[in-house]
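What follows is the residue order along each chain.
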Amino acid sequence: MCTTNTFSPERDFVEKQKDSVKDYSEHQNCMLAGRYQFTVNGKPCVCNENMRLLDYLRDVLRLTSVKEGCGTGACGTCTVLVDGKKAKACVFRLDKIQGRHVTTVEGIPEEEMKVYTYCFGEAGAVQCGFCIPGMVISSKALLDMNKNPTREQVKQALIGNICRCTGYVRIENAILMAAEYFREGKQIPSQPEKAEITRAFRRVDVEEKVRGTGIYVDDIVLPGMVYAKALRAPSPRAFIRKIHADRAKSHPDCLAVYTAADVPVNYCGHIVPDWDVMIAEGCETRYIGDAIALVVSEKREKLDEILNLIQVDYEERKPVCSPVEGLAEDAPKIHKDGNLLKHVVLHRGDPDAVIANSRYKVTCHYSVPFTDHAFMEPECAVALPTKDGGVKMYTASQSVYDEKREISRMLNIPAEKVRVESCLVGGGFGGKEDMSVQHHAALCAWLLKRPVKVRFSRAESVKYHVKRHAMEMDFTTACDENGMLTAMKAVLYSDTGAYASLGGPVLQRACTHAAGPYKYQDVAIDGYAVYTNNVPAGAFRGFGVTQSCFATENNINLLADMVGISPWEMRYKNAVEPGDVLPNGQIVTPDCALKQTLEAVREVYESEPYAGIACAMKNSGIGVGNPDIGRCNILIENGKLHIQTSAACIGQGMATVCTQIAGEVTGIPADRMIHERPNTEITPNSGTTTASRQTLFTGEATRRCARKVKEDLDKGLTLENLEGRLYTAEYSGKTDPMGCDKQYPVSHIAYGYATQVAVLDKKGQVKKIVAAHDVGTVINIQSAKGQIEGGAVMGMGYALTEDFPVRGGYPKLDYAHLGLIRAPKAPEVEAILITSPQVLEEAFGAKGVGEISSVPTAPAIAHAYYRLDGKNRTKLPLEGTFYRPE
């Protein structure tokens, strides 16, 4: 199989750390008189300190398959076996395992691990991979007792393990497959050598993610490494008079205390550089996550103790808590230019006149909440100083080049002195586009001249990192007597929180998609992104379309009732086809297959009394006139193709997509290809993993690059003849800016289209979601379906259970109460892949599916409840349901 790379300058040391996972015999020779004695993976262990079992396994034994996802026993990433039974290593201390036997993934017999690795790979159960070792442990606990479980028993076995990527369907399939292999003594078949598109193909990173040998940032330990943590704002809006750090500096374990005065350029920001690295004396905090000071210590466990010694003199001020408050004439300015980040206008035709003359019209107000990404891997970064006065970073983000740019700006050093290398990324969903810990790690390493690790606890991640935008929306939609849509108007108020993050582009997408994928032209859409003292909001799967789709699809259902036709027929009549014009003015391209998605779900919708339906479209690519380039290099080295691109894989399988595209073009077998992880020293800048763009943009760049290799191979040259040759290629998408004077502007290179149906039982439980998605050409079947299944379950959470209430600028929920869907509540998801007879040329016709998979789910579920009880629900999460009783 194709493999992925490991690390470079510090590779040897990191690999030695991983080797210690396999052999910790030296540790066994500790004093046998240790206070706590137990076995781990069959080997005796002793320890005098009553530490957490998780810390012992990771820090002492370096068994890094055991992950810290939450620290409170809620997520399951630290699941181990204790005397053969599941246990959470983050809540057990060593006094509770005295004389007991602990098993981690590293201790599972090799013949069993071969089965788990094959089945999880074959089923497509692996995406970001952070949860997978814990899932394997829960699988083993079940299958050791019952080798013929039902799906319901598998679901119950996973109740303590959260997966945010897959929707559980494929993990359940993998466990049932493994049970069959164990039960029947089946042999593991050989893996196919060909890496081609439009087929089932095992992900290239399956092995390391199932076995727990893949390196995430928090697995890295470097010589002389120290730890840093930030003191956060005393309140959402406070004037900082004085920071007293003398007592903290005098602590015996304190290496340094840094404040804003130590930062060369004290701001960062993904698009708008408005986010303070630290709040200086004489300045005002903007939300509770603002950093006031950074402390550094060799002892991670002493950081809070040192932080508590810092005294801050401040004046608390009344926070701005909503867009309405932020736009008030007398509102305090959160930023110097005021509280309006962005006003987006999309006006076409004369909607007021058309609405006035339309037979039917409906107006509703919609409210949608902040929600947390809840990716399984909390934010973490490691930085170390370099000899040229720069820094080397190990991170887990959605673009190593974005980090390079922001960190070099903050340190005021040339960009070439910042080198960023990505580890495995344990999920993102848009939430790892901003600076969170990377800039603080870089600053401390640069100032102290030592390696520094900064890691958010789950509590810090929940309280301080960006969220999905909460929005308040007023939508008016009109149609004629036959149900043909005529016009719509919308006003959207988006709470972007304390800083811009991606607030402007998110609002743009919410507005450009607000009318839906329907053929009517008279629209007036105004959007306002407003600064508040709430937690910043940023990119989140769906990128604003999730919010506006909920409103417009609900209005269409109400209009269908007025007209007296079914909501399916209403949509089918109005659905765009190739050559039609979208409400944003773009001509629909020949690859559009929206009507085919409607046809695919018609039977299930019409046969179920409590089925709800919704359509959606979602752009692939940044678009609206912005530069948008995918790049790929291919290096021939040691007789293998090294595929080099900085496109971040956050679980969606980008490494596998590039491998399959390169294999399709060249015919080279998978075991002669290596996909390099993003690294600013090696891989070209392929832009941010956002806007469902990488499969299309970097996929096309990979195709072009592989064609150059193929041309040389067709000349009779071999890989050995081509040793050392570097091939390069890029693909740039050309689009038009919003507000341009073109009659038919090209807002985006491509759109995906989808129709989803949610089916309830009589009690109001979601029993099935059928998701038909126009994905263009399918590159990898398991990955495409897995993205849809995971997105649908995430959309179900948005509809029914997930919320992130913020009151007075203070978040009011912890991780365990975010409302994340667990396996027993996850319904069956049937993913239907639709491909138009005519596809785009780029990337063999592939279009992104990662974001749109979550977009229509909430309105489909809201419609299902409307059919169940007749209540029109206009607020998320839906109230008065099986999941949230009134």
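Residues numbered from 1 in each chain as written. Predicted model: local features only at pLDDT ≥ 70, side-chain atom pairs only at ≥ 80, totals over all residues. Heavy atoms only, no water.

### Quick word on the overall build of the chain
Going by this rule: A run of H or I in DSSP becomes a helix once it reaches four residues, and a run of E becomes a strand once it reaches two; helices and strands are each numbered from the N terminus. Taken over C-alpha atoms, the radius of gyration is set against a globule rule of 2.2 Å times the number of residues to the power 0.38. In this scheme, a residue with accessible area under 20% of its type's maximum is buried, one over 50% is exposed, and one in between is partly exposed, where area comes from a 1.4 Å probe on protein chains only. When checking whether two residues touch, look at their non-hydrogen atoms; a contact exists if any pair is within 4.5 Å. For the area figures, the Shrake-Rupley method with a 1.4 Å probe applies, and any residue is considered shielded solely by the protein chains shown. By the counting rule applied here, Lys and Arg register as positive and Asp and Glu as negative, while His and the ends of each chain are not counted. Charged side chains are reduced to one point each, which is NZ for Lys, CZ for Arg, CG for Asp and CD for Glu.
The helix and strand tally for the chain stands at 23 helices and 32 strands. Its C-alpha radius of gyration of 27 Å places the chain within 12% of the 29 Å reference for a compact globule of 886 residues. In terms of overall dimensions, the chain has C-alpha extents of about 85 × 70 × 60 Å along its principal axes. Taken across its 886 residues, the chain has 65% of its residues classed as buried. For the chain, the proportion of contacts with a sequence separation of at least 24, taken over those separated by at least 6, is 80%. Of the roughly 30200 Å² of accessible surface on the chain, a fraction of 48% belongs to carbon and sulfur atoms. Of the charged side chains in the chain, 104 are positive and 108 negative, and the gap between their average positions amounts to 2 Å.

### Focus on the layout of surface pockets
Our working rule: Within this scheme a cavity is a closed region of a 1 Å grid, computed over the protein atoms alone, that accommodates a 1.4 Å probe without allowing it to escape, whereas a pocket is open but has protein on both sides within 12 Å along at least five of seven lines; lining residues each have an atom within 4 Å of a point. Grid points are joined across faces, edges and corners, and a volume is the space filled by probe spheres set on the points. Under this grouping Gly is polar, as are all residues other than the nonpolar Ala, Val, Leu, Ile, Met, Phe, Trp, Tyr, Cys and Pro and the charged Asp, Glu, Lys and Arg.
Estimates place the volume of the largest pocket at around 1200 Å³. What lines the largest pocket is a set of 40 residues, and nearest its centre among them are Arg52, Asp55, Glu68, Arg300 and Glu301. Looking at the lining of the largest pocket, the elements with two or more residues in it are helix H3 (53-60), strand S7 (226-232), helix H10 (303-307), strand S19 (452-455) and helix H15 (458-464). For the lining of the largest pocket, the class distribution of residues is 17 nonpolar, 3 polar and 20 charged. For the lining of the second largest pocket, the secondary-structure elements that each account for two or more residues are strand S14 (340-348), helix H13 (400-411), helix H16 (503-512) and strand S24 (629-637). A total of 5 residues in the lining of the second largest pocket trace back to one element, the largest contributor, which is H16. Taken together, the residues of the lining of the second largest pocket break down into 14 nonpolar, 11 polar and 8 charged.

### Some details on the environment of histidine 642
Mapped onto the fold, histidine 642 is located in strand S25 (residues 640-644). Note: C-alpha distance between histidine 642 and proline 332 (310 residues apart in sequence) is 54 Å. With sequence-adjacent residues up to four places away left out, histidine 642 is seen in contact with Asn633, Ile634, Leu635, Glu637, Ile674 and Glu676.

### Comments concerning the packing of aromatic side chains
Two numbers describe a pair of aromatic rings. These are the distance of the centres and the angle of the planes. Rules: Centres within 6.5 Å are what make two rings of Phe, Tyr or Trp a pair, Trp counting through its six-membered ring; a difference in plane orientation under 30 degrees is then read as stacked, over 60 as edge-to-face, and the rest as tilted. Whether a charge lies above a ring is judged from NZ of Lys or CZ of Arg, which has to be within 6 Å of the ring centre and within 35 degrees of the ring normal.
Counted under the stated rule, the structure contains 15 aromatic pairs. Where phenylalanine 456 meets tyrosine 464, the ring centres are 6.3 Å apart and the plane angle is 65 degrees; that geometry is what we call edge-to-face. Look at phenylalanine 456 and you get buried, because its relative accessible area is 3%. By the ring-pair criterion, three or more aromatic residues cluster together here, those being Trp275, Tyr287 and Tyr499. Just above the ring of phenylalanine 375 sits the side chain of lysine 432; from NZ or CZ to the centre is 4.5 Å. Over the ring of tryptophan 568 we find arginine 602; its NZ or CZ atom is 4.2 Å from the centre of that ring.

### Things to note about the packing of helix H20 (residues 654-666) against helix H21 (residues 694-713)
Note the threshold: To obtain an axis, a line is fitted to C-alpha atoms, over the contacting stretch when the element is a helix, and the angle between two such axes runs from 0 to 180 degrees between their N-to-C directions. By convention the crossing between two helices is left-handed if the near helix lies anticlockwise of the far one by an angle smaller than a right angle, and right-handed if it lies clockwise.
The geometry of H20 relative to H21 is characterised by a closest axis approach of 8 Å and an angle of 35 degrees between their N-to-C directions. Here H20 runs over H21; the crossing is right-handed. Of the residues in H21, those touching H20 at Met654, Val657, Cys658, Ile661, Ala662, Val665 and Thr666 are Gln694, Thr695, Thr698, Gly699, Thr702, Arg703, Ala706, Arg707, Val709, Lys710 and Leu713. Looking at the contact of H20 with H21, its residues break down into 9 nonpolar, 6 polar and 3 charged.

### Examining the sheet that holds strand S29 (residues 766-774)
Under the convention used in this document: The rule for pairing is simple: two strands pair if DSSP sees at least two bridges between them.
The strand order across the open sheet formed by 4 strands is S23-S28-S29-S32, and the pairing between neighbours is mixed. Looking at strand neighbours, the two that pair on one side only are strand S23 (611-620) and strand S32 (828-834), the edges of this open sheet. Averaged over all pairs of adjacent strands, the angle between their axes in this sheet comes to 15 degrees, without regard to strand direction. Note: S23 against strand S28 (residues 750-760), 10 bridges, orientation antiparallel. Its bridge partner lying in S28, serine 620 is registered against alanine 750.

### With respect to the confidence of the model for the chain
Using the following cut-off: A residue's pLDDT is the predictor's confidence in that residue, given on a scale from 0 to 100.
Predicted confidence across the chain gives a mean pLDDT of 95, with 96% of residues reaching 70 or more. With pLDDT under 50 throughout, residues 6-32 is counted as low confidence; its partners more than four residues away or in other chains account for 61 contacts.

### Here's the deal with empty space enclosed by the protein
Within the structure shown, the criterion is met by 14 cavities of 30 Å³ or more. Estimates place the volume of the largest cavity at around 560 Å³. Lining the largest cavity are 36 residues, and of these Gln652, Gln787, Val849, Gly850 and Glu851 sit closest to its centre. Put simply, the parts of the chain that give the lining of the largest cavity at least two residues each are H20, H21 and helix H22 (781-800). Looking at the second largest cavity, its volume works out to about 170 Å³. Forming the boundary of the second largest cavity are 18 residues, of which Arg232, Trp275, Tyr287, Met435 and Ser436 lie nearest the centre. Residue assignment for the lining of the second largest cavity shows that the elements contributing at least two residues are strand S11 (275-276) and helix H14 (438-448). Of the residues in the lining of the second largest cavity, the class split is 8 nonpolar, 6 polar and 4 charged.

### Some remarks on the nonpolar core
Selection rule: Remark: nonpolar core denotes a set of buried residues (Ala, Val, Leu, Ile, Met, Phe, Trp, Tyr, Cys) joined through side-chain atoms within 4.5 Å.
Ranked by size, the top nonpolar core spans 224 residues in total, and within it Phe120, Ile310 and Tyr815 carry the most contacts. Setting aside chain neighbours within four positions, we find isoleucine 310 in contact with Leu231, Ile243, His244, Ala248, Val257, Ala293 and Val295. Core analysis: the next-biggest nonpolar cluster, separate from the first, contains 37 residues, Ile197, Ile668, Ala701 and Tyr731 among them.

### Describing the pattern of salt bridges
Spelled out, the test is: One side-chain nitrogen of Lys or Arg within 4 Å of one carboxyl oxygen of Asp or Glu is enough to make a salt bridge.
In the structure shown here, the tally under the stated rule is 64 salt bridges. The salt bridge involving lysine 140 is made with glutamate 112; its shortest N-O contact spans 3.1 Å. Here lysine 140, found in helix H5 (residues 132-143), pairs with glutamate 112, found in helix H4 (residues 110-122); they are 28 residues apart in sequence, far enough to count as distant. Taking the relative accessible area as the measure of exposure, lysine 140 reaches 9% and is therefore buried.

### Concerning the environment of alanine 261
Within the element layout of this structure, alanine 261 appears in the loop between strand S9 (254-258) and strand S10 (267-268). Sequence spacing of alanine 261 and alanine 560 is 299 residues, and the spatial spacing of their C-alpha atoms is 61 Å.

### Some words on the sheet that holds strand S16 (residues 380-385)
Spatially, S9-S12-S7-S19-S16-S17-S18 is the arrangement adopted by the 7 strands of the open sheet, whose pairing is mixed. Where the open sheet ends on each side, the last strands, each with one partner, are S9 and strand S18 (418-422). Taking each pair of neighbouring strands and ignoring which way they run, the sheet shows an average axis angle of 25 degrees. Pairing analysis gives 4 bridges linking S16 to strand S17 (residues 391-395), with the strands arranged antiparallel. Note on S17: the bridge partner recorded for alanine 383 is methionine 393. Along the sheet face, H13 touches S17 and S18 and points at about 150 degrees away from the line of S18. In the packing of H14 onto the sheet, the strands contacted are S7, S9, strand S12 (291-297), S16, S17 and S19, and the crossing angle to S16 comes to about 20 degrees.

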